[in-house]
Amino acid sequence: MLVSQPFEALRSKKPMSDSVIQTHQNAGEVLALDGVSLTVNGKTLLHDISVHSEAQGTTLIMGANGAGKSLLMKCLHGLLTPTSGSIKLLNRPSHETRHQQAMVFQKPVLLRRTVMGNLTFAAPKTTPPEVLHEMLERVNLSGKDQQPARVLSGGEQQRLALARALLTRPKILFLDEPTASLDPASVLIIERLIQEATADGVKSIFISHDIGQAKRLADDVIFLHQGRVTEHTSAATFFTQPLTSQAQAYLAGDVVL
Amino acid sequence: MLFDAFSQAVALIVSGDPELFEILWLSIQVSTSALAISVILALPIGTVLAISEFPGKRLCVTVLNSLMGLPPVVVGLLVYLMLSRSGPLGVLGLLYTPTAMVIAQVVLITPIIAALAYQVMDDLHREYRELFQSLGIDSIRAIPTYLWDARYSLVTSILAGFGRAISEVGAVIIVGGNIDHLTRVMTTAIALETSKGELAIALALGIILLMLALLVNAGVTTVRSIALKKAYV
């Protein structure tokens, strides 16, 4: 059973060296943002964000509510167009890598059809049925393939959304708080799938407020405060020696203003 | 008197009165034809309006919503002017034919179905937009998905259009003329027979019309309950 795997198994990640995170442009960059700003209705919500990273694995975006995490993720994924600046993923302009990206939203968006119907909608046409069934098994939904997707529980819906995203075989996977308000079993399955995906070479960019989860999954952390990146370090450094007072307050559970 | 008329009306229905059923058959033919044409026109209008962005979109939506309340007699008058001998389409000789009645009903119910379809599609588009963007599905490819996923709500809209068409009297009496054995439908026949004092046949047609309305509403309720059960609305 997938759910029986202990959390300890998820904690075996090696801390990543700060040297992996680059602060200058590099030929092997997975993520390269230069001067990205987003202004909506005259209000600047993201300010001149520059982040360069060649780190594989999972990049966590953290910050208080309203810091601009989801907006930044939407800009990275191309759902929003920045007012200025440039975004490169896998060393190419973001829009050129669209077919190599997938996203799981905080609130799962499922089509009004069966579980299997949702998978076949997104999967490449040539995907054999056994691959679809295997994926359902991996997300603990086997036997539910003919159920209407929208009657599943919240955890099941999110697992289905992740399964659908993974079937597109992305090289970059965006996850916007995918485990918010889910039960521990669903959280465990989702974390396990993300770890399996990153082990297969998929770059995960993840938003979470769960510090325990962040410690389990993150290789590096981007910390946002009021639309600005105030910190981008390895996860080991971020959780032990946060540089800014906002990150310190956030990790301590204090109100970040 | 009312009781007599009612029992005669029931007798007419039960005995399968040929004149009664001729009127019923023509009513159904005219309204289903109008419905088929309206669906072909209205669903693309509602869908395209919902998923596309262009200057003046809000005005278009306002106009479409306003057209839902088109007065049938005005529609009848406009179609009459178009089809009358001196009108732009007079050469076709369609006035006082079932085709003219179909045209009038199409004009009347297309905005209703389109406006209801727009509401359904707009809600769906707000929900699916980012997912489709994420999956790299453009608007043209998205249209069949929207139509399929909104199927239950759209059927409800279509049934509402049929209900409006079959019960309409003002427009069809102007362009159809209520000619016996040619353009006499249920609603126009009820108006005529009532004015003549022939209450039995008017009541019989009224009962059938009510049953049809009941059937349409039962259809709407059934479709909606199926959709709710599957969380498809």
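Residues numbered from 1 in each chain as written. Chains lettered and ligands numbered in written order. Predicted model: local features only at pLDDT ≥ 70, side-chain atom pairs only at ≥ 80, totals over all residues.

**Re the overall build of chain A**
Using the following cut-off: Think of it this way: any DSSP run of H or I at least four residues long counts as a helix, any run of E at least two long counts as a strand, and we number them from the N terminus. Any residue with 12 or fewer other C-beta atoms within 10 Å of its own C-beta is exposed, any with 20 or more is buried, and the rest are partly exposed; the C-beta atoms used are placed from the backbone. Any two residues are considered in contact once their C-beta atoms, placed from the backbone, lie within 7 Å.
Looking only at helices and strands, one finds eight helices and ten strands in chain A. When burial is assessed residue by residue, chain A has 44% of its 257 residues classed as buried. When contacts within chain A are restricted to residue pairs at least 6 apart in sequence, long-range pairs at least 24 apart make up 70% of them.

**Notes on the interface of chain B and chain A**
Going by this rule: Residues are grouped as follows: Ala, Val, Leu, Ile, Met, Phe, Trp, Tyr, Cys and Pro are nonpolar; Asp, Glu, Lys and Arg are charged; all remaining types, including Gly, are polar.
The partner chain A presents 15 residues to the twelve residues of chain B that form the contact. Broken down by element, the residue count for the side of chain B that touches chain A peaks at seven residues, all from helix 5 (residues 98–135) of chain B. Tallied by class, the residues present in the side of chain B that touches chain A amount to five nonpolar, three polar and four charged.

**Focus: the confidence of the model for chain B**
Do not read the predicted coordinates in detail wherever pLDDT is low. Stated precisely, the cut-off is as follows: Residue-level confidence of the predictor is what pLDDT reports, using numbers from 0 through 100.
The predicted model of chain B averages 93 in pLDDT, with 100% of residues at 70 or higher. Overall fold confidence for the complex sits at a pTM of 0.83, while the interface term, ipTM, reaches 0.84.

**Some remarks on the pairing of strand 8 (residues 203–207) of chain A**
All names here are of chain A. Short version of the rule: Between any two strands, pairing holds if DSSP finds at least two bridges. For a crossover, the right-handed case is the one in which the path from the first strand over the helix to the second runs clockwise, viewed with the strands pointing away from the viewer.
Buried residues dominate strand 8, accounting for five of its five residues. Side-chain alternation along strand 8 places K203, I205 and I207 on one buried face and S204 and F206 on a second face that is also buried. Here four bridges tie strand 3 (residues 58–62) to strand 8, and the two strands are oriented parallel to one another. In the strand pairing of strand 8, L60 is matched with F206. Read as a crossover between parallel neighbours, the route from strand 7 (residues 172–176) over helix 5 (residues 184–199) to strand 8 is right-handed.

**Structural notes on the environment of G66 of chain A**
When you line up the elements, G66 of chain A lands in the loop between strand 3 and helix 1 (69–77). Here the alpha-carbon distance between G66 of chain A and G227 of chain A, two residues 161 residues apart in the chain, equals 8.1 Å.

**Regarding helix 4 (residues 154–167) of chain A**
Given 3.6 residues to a turn, an α-helix orients residues that are three or four positions apart in the same direction. All names here are of chain A. The condition that has to hold: Given a helix with a known number of residues, its expected span is that number minus one, times 1.5 Å.
Over its 14 residues, helix 4 extends 20 Å from the first C-alpha to the last, a length consistent with the 20 Å expected when each residue adds 1.5 Å. Counting buried positions over the 14 residues of helix 4 gives 13, a clear majority of the element. One or two residues past the end of helix 4 sits R169, with phi positive at roughly 50 degrees.

**Topic: unusual backbone geometry**
Residue and element names in this part refer to chain A. Positive phi values are uncommon outside glycine, yet N41 reaches one of about 50 degrees. Tracing the backbone shows N41 in the loop between strand 1 (31–40) and strand 2 (43–53). Exposure remark for N41: the 5 C-beta atoms within 10 Å place this residue in the exposed category. In this model, D48 sits at a positive phi of 40 degrees, which is unusual for a non-glycine residue. The topology assignment puts D48 in strand 2. On the neighbour-count criterion, D48 (15 C-beta atoms within 10 Å) is partly exposed.

**Considering helix 4 (residues 72–83) of chain B**
All names here are of chain B. Quick reminder of the rule: Each C-beta atom gives one direction from the helix axis, and the arc is the one those directions make.
The end-to-end C-alpha separation of helix 4 is 16 Å, in line with the 16 Å expected for twelve residues at 1.5 Å each. Among the residues of helix 4, V75, G76, V79 and L83 are the ones counted as buried. End-on, the buried residues of helix 4 take up no more than an arc of 100 degrees, which puts them together on one face. Close packing links the buried residues of helix 4 with helix 5 and helix 8 (170–176).

**Remarks on the nonpolar core**
Residue and element names in this part refer to chain B. Threshold: A set of buried residues qualifies as a nonpolar core if it consists of Ala, Val, Leu, Ile, Met, Phe, Trp, Tyr and Cys joined through C-beta atoms within 7 Å.
Grouped together as the largest cluster of nonpolar side chains are 135 residues, with contacts concentrated most on A104, A117, V175 and L205. The element that contributes the greatest number of residues to this core is helix 5, accounting for 22 residues. For V175, the residues in contact, after removing those within four places along its chain, are G76, V79, Y80, L83, L95, A100, M101 and A104.

**Regarding the sheet that holds strand 7 of chain A**
Residues and elements named next belong to chain A. Heads up, the condition is: Note on geometry: axes are C-alpha line fits, over the in-contact stretch for helices, and angles between N-to-C directions span 0 to 180 degrees.
Strand order in the open sheet formed by six strands is 6-7-8-3-9-10, and the pairing between neighbours is mixed. Single-partner strands in this sheet number two, and they are strand 6 (101–104) and strand 10 (228–234). The average angle at which neighbouring strand axes cross in this sheet is 15 degrees, direction not considered. Two strands pair when backbone bridges link them, and strand 7 and strand 8 are joined in this way by five bridges, in the parallel orientation.

**Some words on the sheet that holds strand 1 of chain A**
Residues and elements named next belong to chain A. Spatial strand order, 2-1-4-5: four strands in an open sheet with antiparallel pairing. Only two strands of the sheet have a single partner each, and these edge strands are strand 2 and strand 5 (92–93). Of the pairings in the sheet, the one linking strand 1 to strand 4 (residues 84–89) comprises five bridges and is antiparallel in character. Residue pairing in the sheet places L33 in a bridge with I87 of strand 4. Across the sheet, helix 1 lies against strand 1, strand 2 and strand 4, angled at about 60 degrees from strand 2, the strand it touches most.

**Observations concerning the environment of L173 of chain A**
Mapping L173 of chain A onto the fold places it in strand 7. In contact with L173 of chain A, not counting residues within four places along its chain, are A102, A165, A197, V202 and S204 of chain A.

**Details of the packing of helix 4 of chain A against helix 5 of chain A**
Residue and element names in this part refer to chain A. This is how the line gets drawn: When an angle is under 35 degrees it counts as roughly parallel; over 145 it counts as roughly antiparallel; between 65 and 115 it counts as roughly perpendicular; any other value is oblique.
Here helix 4 crosses helix 5 at 10 degrees, and the two axes come no closer than 9 Å. What the angle tells us is that helix 4 and helix 5 run roughly parallel. Note on element contacts: helix 5 touches helix 4 through S186, I189, I190, L193 and A197, opposite G155, Q158, R159, L162 and L166.

**Here we look at the packing of helix 2 (residues 18–51) of chain B against helix 10 (residues 199–229) of chain B**
Residues and elements named next belong to chain B. For the record, the criterion: Crossing chirality is assigned from the near helix's rotation relative to the far helix, an anticlockwise turn below a right angle marking it left-handed and a clockwise turn marking it right-handed.
Taken N-terminus to C-terminus, the directions of helix 2 and helix 10 make an angle of 40 degrees; their axes are 11 Å apart at the nearest point. Taken as axis vectors, helix 2 and helix 10 run oblique relative to one another. The hand of the helix 2/helix 10 crossing is right-handed. Within the contact between the two elements, helix 2 uses L20, I23 and L24 and helix 10 uses I201, A204, L205 and I208. A breakdown of the residues in the contact of helix 2 with helix 10 according to their chemical character gives seven nonpolar, no polar and no charged.

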